[in-house]
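Survey of secondary and tertiary structure
For reference, the chains in residue letters:
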Amino acid sequence: MEAAEHLPGPSGSEPESTATRSSPASAQSDRTPPPRSGVPILDLAREYEEVGELLATATREVFSRQNFILGAQTVEFERVAALRCGVSHAVGCASGTDALWLALTACRIGAGDAVVTTPFSFFASVSSILRAGARPILADIEPETFNLDPEAVRRGLNSAGKGGARAILAVDLYGQTADWDRLHAIRQEYSAGGPAGSSMVLIEDAAQAFGARWDGRPAGSLADVSAFSFYPTKNLGAAGDAGMVTTSSEEVAERLRMLRTHGMRKRYYHDELGACSRMDTLQAAVLLAKLRFLDEWNRRRRVLASNYGSLLERAGIAERGPYPERGVVPPKVHPKAEHIFHQYVIRVRRRDELKEFLKSQEVSSEIYYPLPLHLQQALSGLGYGRGAFPESERAAREVLALPMFPQLTPAEQETVVAAVQRFLG
Ligand SMILES: Cc1ncc(COP(=O)(O)O)c(C=O)c1O
């Protein structure tokens, strides 16, 4: 768990607060923003300054109807979100983690099935496969985009053994989609060898990528089924936990709705062991209100990313990469991808020292992710050792996310880059 993606409590173990600077309560009672010192990695209080009034109106409407679970705003959010993602169905649920489990289970992926995925992601990308009863097979990432390397996916599929793998679960990390052209081509190739009618399932973990695009098509429409997180620090964030699954399959959507309400189709008749994972109406109201701003917020993120690029160039510390030498490697955008910079992640040597130095200069930064999933204690049962995924392990040593949120100012970006430059000498 980590700041901005998941904000740690004092012990670093539990999410504590999603406000990194002033609390929403203080912003509510006093609209004057507090004096700012340093640069936060994310400042939700500033977002609240933009949307606070709208959120108040939106949530009041929910209270006036008193329909708190899967109410009218949830239905409306699902309608609008499906349109935005270019799919027929969006199904709201309780979290991004649940969305992944729902996606897998709705596609009937479970006991005995192998799923190829990445070791360089948030824990839920792999834990949800295990929770569905399936077996994760990990494949390494590309050093430039940090997304799954299709050639490594191919090797993972070849290693799956009898029956092959049932699915590929690819993550659109940091707000940039995976290479969905090559993943679809691989699916085509491997499905052709299987029994008639069987087809490998593609699952998209779009938790960090609402509004991103691949070859003009939106995240959420790039696989058979896609999972989103609306954890408060996401680029579209709820006021608590929430998630969503999108698909254009009528059958999968029907199963998703059944599974999110205890496996019920008919009230109190349970066809399968589902989950209690509905989207609160209050969360849907918040998300609906914020969705109106999302294009503009994503646009600002892209402008800020481009500004960081220019500042790093001008400071003489930008390098081409893929690996850093004496400077920093700014994020690379695939020509087919429209990155929304949920995170702005550089690669740098002596990363931990830089992070400490930035902290001493009151500049926040974060590491997504310091330990690849195959080396996590909880996943030691997968049987992968150190050295199994060199790109992921190297990325885990070199990545550093710099402050990035739509309300970040160019002056703050200058402060950040000047501090990085001072560190690098
Ligand atoms: C890539 C990825 N997958 C899944 C999740 C899980 O989402 P949630 O925290 O809403 O359960 C997250 C959220 O951090 C994520 O970043």
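A short tour of the structure in this document, coming up. Note that the coordinates shown come from a computational prediction; the quantities given were computed from them, not determined experimentally.

Let us look at the overall build of the protein. Broken down by element type, the protein carries twelve helices and 15 strands. Considering the protein as a whole, with its 425 residues, one finds that 55% of them fall into the buried category. Counting only contacts in the protein whose residues sit at least 6 apart along the sequence, the fraction spanning at least 24 positions is 67%.

What follows covers the side chain of T105. Within the element layout of this structure, T105 appears in helix α4 (residues 96-106). Residues in contact with T105, not counting those within four places in the same chain, are A132, R255 and L259.

Pairing between sheet strands relies on hydrogen bonds along the backbone, with the strands arranged either parallel or antiparallel. Sheet architecture is open: three strands sit in the order β7-β6-β13, paired in antiparallel fashion. In this open sheet, the two edge strands, each paired with only one partner strand, are β7 (217-218) and β13 (337-338).

A complete count under the given rule lists 30 salt bridges for this structure. A salt bridge links D352 to R351, with the shortest nitrogen-to-oxygen separation between them at 2.7 Å. For R351, a relative accessible area of 5% puts it in the buried group. In the salt-bridge network here, residues are joined through shared partners; they are E142, E151, R154, D179, R182 and E189.

Attention now goes to the environment of E353. Its location among the elements puts E353 in helix α10 (residues 351-360). Here the alpha-carbon distance between E353 and F423, two residues 70 residues apart in the chain, equals 8.8 Å. Within the structure, E353 has its side chain in polar contact with the side chain of R350 (distance 3.0 Å).

To continue, consider the packing of aromatic side chains. Under the criterion given, the structure shown has 15 aromatic pairs. Taking the centre distance of 6.1 Å and the plane angle of 35° together, the rings of F120 and F146 count as tilted. With a gap of 26 residues between them, F120 in the loop between β2 (114-117) and α5 (124-131) and F146 in the loop between β3 (135-138) and α6 (150-158) connect regions that are remote in the sequence. Summarising the burial analysis for this pair, F120 and F146 share the class buried. An aromatic cluster of at least three residues, connected via ring pairs, comprises F120, F122, F146, Y174, Y368 and Y369. Over the aromatic face of Y269 sits the side chain of K266, whose NZ or CZ is 4.4 Å from the ring centroid. The lysine or arginine in question, R394, covers the ring of Y323, its NZ or CZ lying 4.0 Å from the ring centre.

Pairs of packed helices are described in terms of their axes, by the angle between the two and the distance that separates them. It is at 10 Å that the axes of α10 and helix α12 (residues 410-424) come closest, and there the two elements cross at 125°. Put simply, α10 runs oblique to α12. As α10 packs across α12, the resulting crossing turns out to be right-handed. When α10 is examined against α12, the residues E353, L354, F357 and L358 are found in contact with a partner set consisting of V416, A419, V420, R422 and F423.

Secondary-structure assignment places Q407 in the loop between β15 (399-402) and α12. A distance of 2.9 Å separates the side chain of Q407 from the side chain of E50, its partner in a polar contact. In this view, Q407 contacts R46, E47, E50, W297, R300 and E412; residues no more than four positions away in its chain are not counted.

Further remarks concern unusual backbone geometry. The omega angle of the peptide bond from G321 to P322 is 10°, so this bond is cis rather than trans. Examined against the element boundaries, P322 turns out to sit in the loop between α9 (281-314) and β12 (328-329). One non-glycine residue, R108, lies in positive phi territory at about 60°. Note on placement: R108 falls in the loop between α4 and β2. The phi angle at H262 is positive, at roughly 55°, despite the residue not being glycine. Following the sequence through the fold, H262 ends up in the loop between α8 (250-260) and β10 (264-266). Looking at H262, the relative accessible area reads 36%, which means it is partly exposed.

Across the interface, α4 lies against α8 with an axial gap of 9 Å and an inter-helix angle of 125°. The orientation of α4 relative to α8 falls into the category oblique. Crossing of α4 over α8 shows right-handed handedness. Residue-level inspection shows W101, L102, A103, T105 and A106 of α4 in contact with α8, the latter providing V252, R255, L256, L259 and R260. Residues belonging to the contact of α4 with α8 are distributed by class as follows: seven nonpolar, one polar and two charged.

Before going further, it helps to spend a moment on the sheet that holds strand β14 (residues 344-348). The three strands lie next to each other as β12-β14-β15, forming an open sheet whose pairing is antiparallel. Looking at the sheet topology across the chains shown, the edges are occupied by β12 and β15. Pairing geometry for β14 and β15, over four bridges, is antiparallel. By the bridge assignment for β15, V345 is matched with A401. Helix α11 (residues 390-398) rests against β14 and β15 of the sheet, and its axis sits at about 100° to β14.

With that out of the way, let us pick up α6. Turning to α6, its buried residues are P150, A152, V153, G156 and L157. Buried residues of α6, seen end-on, are gathered within an arc of 155° and therefore sit on one face of the element. For α6, exposure combined with an orientation more than 90 degrees from the buried face picks out R155 and N158. N-cap assignment for α6: the residue whose side-chain oxygen lies 2.9 Å from the backbone N of E151 is D149.

Definitions and cut-offs
- Residues numbered from 1 in each chain as written.
- Predicted model: local features only at pLDDT ≥ 70, side-chain atom pairs only at ≥ 80, totals over all residues.
- Heavy atoms only, no water.
- Helix = DSSP H or I, 4+ residues; strand = E, 2+ residues; numbered from the N terminus.
- Buried < 20%, exposed > 50% of the residue type's maximum accessible area, 1.4 Å probe, protein only.
- Contact = heavy atoms within 4.5 Å.
- Pairing = 2+ DSSP bridges.
- Salt bridge = Lys/Arg side-chain N within 4 Å of Asp/Glu carboxyl O.
- Polar contact = N/O pair within 3.5 Å; in protein donor to acceptor, adjacent residues only side chain to side chain.
- Phe/Tyr/Trp six-rings, centres within 6.5 Å; stacked < 30°, edge-to-face > 60°.
- Lys NZ or Arg CZ within 6 Å of the ring centre and 35° of its normal.
- Axes fitted to C-alpha atoms, helices over the stretch in contact; angles between N-to-C directions.
- Parallel < 35°, antiparallel > 145°, perpendicular 65-115°, else oblique.
- Left-handed = near helix turned anticlockwise from the far one by under 90°.
- Nonpolar A, V, L, I, M, F, W, Y, C, P; charged D, E, K, R; others polar.
- Arc of directions from axis to C-beta.

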